[in-house]
Amino acid sequence: MTSVSGVVDDLWTAATRHPFLDAVREGTIADAAFNQWLSQDVLFVADLLTFQARLLARAPRPAQGVLAGGCVALVDELDWFEVQVARRGIDLDQQPLPATIAYRELLQRLDGMPTDAALTALWVIERVYLLAWSSAVSDTSPFREFVDHWTTPEFAAYVDALGELATPDVHTELVAEVLEHEVAFWEMALA
């Protein structure tokens, strides 16, 4: 029988070493697939900002600085997205796809969970993003600008700071659930 930690380890790998990311690294992903993912990620980041702002409002004092900085970074991220989607000719007036809706519902559920659980989920979301895009680093990928944007030392420091607040060993089922949503989000682009 597979242990819970074994399942979680497998999910970490699936979420951070996904074929979507391989195709980005190799430059073989179709523009339509990348654009679909990007348009849905814009929606997700808007949802994440809403969640994180609410989490900031109820977080213990030691977490507030990290969360406030994260909220500012998400606002900047949405500004950056606007430039990127305009350059790629992406229509942002799109409906969320099922993976985006499911993630939105998880973020809304996290509002009713204890703060330590919500902080842990946020750390998983951001750590996956950092590790996933780090796996896509390539000097020759036409998507290098995106990869570079999501692998900065500043982002890594933010993820580390969230890690100081997270309690993943206490919330293994929640960690697994977030990882499943991450895998589904990458899959959405390849469907």
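The preceding data block contains the structure.
Residues numbered from 1 in each chain as written. Predicted model: local features only at pLDDT ≥ 70, side-chain atom pairs only at ≥ 80, totals over all residues. Heavy atoms only, no water.

Peer 1: Sorry, what's going on with the overall build of the chain here?
Peer 2: For the chain, the helix and strand inventory stands at nine helices and zero strands. The order of helices and strands in the chain, counted from the N terminus, is α-α-α-α-α-α-α-α-α. Taken across its 191 residues, the chain has 48% of its residues classed as buried. Taking as baseline every contact in the chain between residues at least 6 positions apart, the subset at least 24 positions apart corresponds to 86%. Both charge centroids of the chain, one from 11 positive and one from 29 negative side chains, sit 2 Å from each other. (Helix = DSSP H or I, 4+ residues; strand = E, 2+ residues; numbered from the N terminus. Buried < 20%, exposed > 50% of the residue type's maximum accessible area, 1.4 Å probe, protein only. Contact = heavy atoms within 4.5 Å. Lys, Arg positive; Asp, Glu negative; His and termini not counted. Charge placed at Lys NZ, Arg CZ, Asp CG, Glu CD.)

Peer 1: Would you mind showing me how to read the packing of aromatic side chains here?
Peer 2: The way to describe two aromatic rings as a pair is by their centre distance and the angle between their planes. Within the structure shown, the criterion is met by 25 aromatic pairs. Where Trp80 meets Trp150, the ring centres are 5.4 Å apart and the plane angle is 80°; that geometry is what we call edge-to-face. In this pair, Trp80 sits in helix 4 (residues 61-88) while Trp150 sits in the loop between helix 7 (144-149) and helix 8 (153-165), placing the two residues 70 residues apart along the sequence. Trp150 matches Trp80 in its accessibility class, with the two residues each being buried. With 5.4 Å between their ring centres and 75° between their planes, Tyr129 and Trp150 make a pair best called edge-to-face. With Tyr129 in helix 6 (residues 115-135) and Trp150 in the loop between helix 7 and helix 8, this residue pair connects regions lying 21 residues apart in the sequence. Accessibility assignment for this pair places Tyr129 and Trp150 in one class, buried. Members of the aromatic cluster, each reached through a chain of ring pairs, are Phe20, Phe34, Trp37, Trp80, Phe81, Tyr129, Trp133, Phe143, Phe146, Trp150 and Trp186. (Phe/Tyr/Trp six-rings, centres within 6.5 Å; stacked < 30°, edge-to-face > 60°.)

Peer 1: What should I look at first to understand the packing of helix 3 (residues 31-58) against helix 9 (residues 172-190) in this one?
Peer 2: A packed helix pair is summarised by two numbers, namely the angle formed by the two axes and the spacing between the axes. Contact geometry of helix 3 with helix 9 gives a least axis separation of 7 Å together with a crossing angle of 140°. When the axis of helix 3 is compared with that of helix 9, the two are oblique. Relative to helix 9, the crossing made by helix 3 is right-handed. Touching Ala33, Gln36, Trp37, Gln40, Asp41 and Phe44 of helix 3 are Phe185, Trp186, Met188 and Ala189, all from helix 9. (Axes fitted to C-alpha atoms, helices over the stretch in contact; angles between N-to-C directions. Parallel < 35°, antiparallel > 145°, perpendicular 65-115°, else oblique. Left-handed = near helix turned anticlockwise from the far one by under 90°.)

Peer 1: Can you help me understand helix 9 in this one?
Peer 2: An α-helix turns once per 3.6 residues; consequently, residues spaced three or four apart project the same way. The first and last C-alpha atoms of helix 9 sit 28 Å apart over 19 residues, in line with the 27 Å expected at 1.5 Å per residue. Looking only at helix 9, the buried set comprises Leu174, Val175, Ala176, Val178, Leu179, His181, Glu182, Val183, Phe185, Trp186, Met188 and Ala189. (Expected span 1.5 Å × (residues − 1).)

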